[in-house]
Amino acid sequence: MINFNGTLQEETNVISNNNRGYSYGDALFETIKVSHGKLLFWEDHYFRLMASMRIMRMDIPMEFTMEFLESEIMKLLSESNLLKVSVRVKLMVHRNTGGLYLPIDNTVSFIISTKLLENDFYLLNDSHYEIDLYKDFYVAPGLLSTLKTNNKAINITGSIYAKENILDNCLLLNTNKNVVEALNGNVFLVKNNVIKTPPLKDGCLKGIMRKQLLGIIELIPDLSVDESSISPFELQKVDEIFITNVITGIQSVTKYRKKVYNNSVTKLLLQKLNVKVRLG
């Protein structure tokens, strides 16, 4: 079941071949973890969506308040009997049908869908997790690359490459040949007590979990943050690498080429993250 513009219906016959999200990638989406009816980091998701809609020159309907969209999500969860479990919610906003590259107008519709999750909180997965670089295509640094749009061709081809090469993930490079992010989240490097992550100007996603982790790290006296460009040569010189997104939380990387990593700082941050989720 989905919520299409406020109407609950089955997942059929919703999107036509003229849908602009389908035809041109003219759509934005938020992936939200909901645990027992609690939308995690909802305020950050909402304001990122609103900012992204403005950048994409979409009209923001007057009713698109934080309370309205939350109520539409909760309506779907309630009707689907998903209020007592953990769920992955996808809120997609697409520009309405009409026009070619130039739309007829900038009005929008929304679709909310759900997928059941196994875990209520974020768990440490310290099993083998190997990554490499994906160099067939590159991310263009700039504002559009920081948005969660439907234009995910590089993530799709990179994911296929990872599967073909028996990898768990790949890191993407921008056109300046700097490390930007992973296929499904932001990337962080740990060296001694410094945690480094690419700046938004390099083209990485303006991740919600990225924001949470940066806030958590700032409160730990022994750790510091360095938001600066990352050269691929740095990857084999650091102590830890981890990847973040709102569904997994924090994923430790165990191997990159011949380099093997530990995860002591990752464990600490995961504990702090779960405390924030409980208290938030």
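An account of the accompanying structure is given in this report. (Residues numbered from 1 in each chain as written. Predicted model: local features only at pLDDT ≥ 70, side-chain atom pairs only at ≥ 80, totals over all residues. Heavy atoms only, no water.)

Some points on the packing of aromatic side chains
Inspection of the entire model under this criterion finds nine aromatic pairs. Taken together through their ring pairs, the aromatic side chains of W42, Y46 and F47 make up a single cluster. Over the face of the ring belonging to Y138 we find K177, whose NZ or CZ atom lies 4.5 Å from the ring centre. Between the NZ or CZ atom of R278 and the centre of the ring of F121, over which it lies, the distance is 5.0 Å. (Phe/Tyr/Trp six-rings, centres within 6.5 Å; stacked < 30°, edge-to-face > 60°. Lys NZ or Arg CZ within 6 Å of the ring centre and 35° of its normal.)

What about helix α5 (residues 208-218)?
Of all eleven residues in α5, eight are buried; the element is thus mostly enclosed. Listing the buried residues of α5 in full gives I208, M209, R210, Q212, L213, L214, I216 and I217. (Buried < 20%, exposed > 50% of the residue type's maximum accessible area, 1.4 Å probe, protein only. Helix = DSSP H or I, 4+ residues; strand = E, 2+ residues; numbered from the N terminus.)

Concerning unusual backbone geometry
Backbone geometry places N5, a non-glycine residue, at a positive phi of 55 degrees. Its location among the elements puts N5 in the loop between β1 (2-4) and β2 (7-9). N5 sits in the partly exposed class, given a relative accessible area of 36%. Unlike most non-glycine residues, N192 shows phi in positive territory, near 55 degrees. Mapped onto the secondary structure, N192 falls in the loop between β10 (186-191) and β11 (194-197).

Quick look at the pattern of salt bridges
For the structure shown, the criterion picks out nine salt bridges. Between R20 and D26 there is a salt bridge, with the nearest N and O atoms lying 2.8 Å from each other. Residue R20 is classed as buried on the basis of its relative accessible area, which comes to 2%. The residue E227 makes a salt bridge to R210 at a minimum N-O spacing of 2.7 Å. Of this pair, E227 sits in strand β12 (residues 224-227) while R210 sits in helix α5, and the two are 17 residues apart along the sequence. Take E227: its relative accessible area is 43%, and that puts it in the partly exposed class. In this structure R210 comes out as buried when scored by relative accessible area, which is 5%. Salt bridges sharing partners connect three or more residues here, namely R20, D26 and R95. (Salt bridge = Lys/Arg side-chain N within 4 Å of Asp/Glu carboxyl O.)

The values are spatial; any link to function lies outside them.
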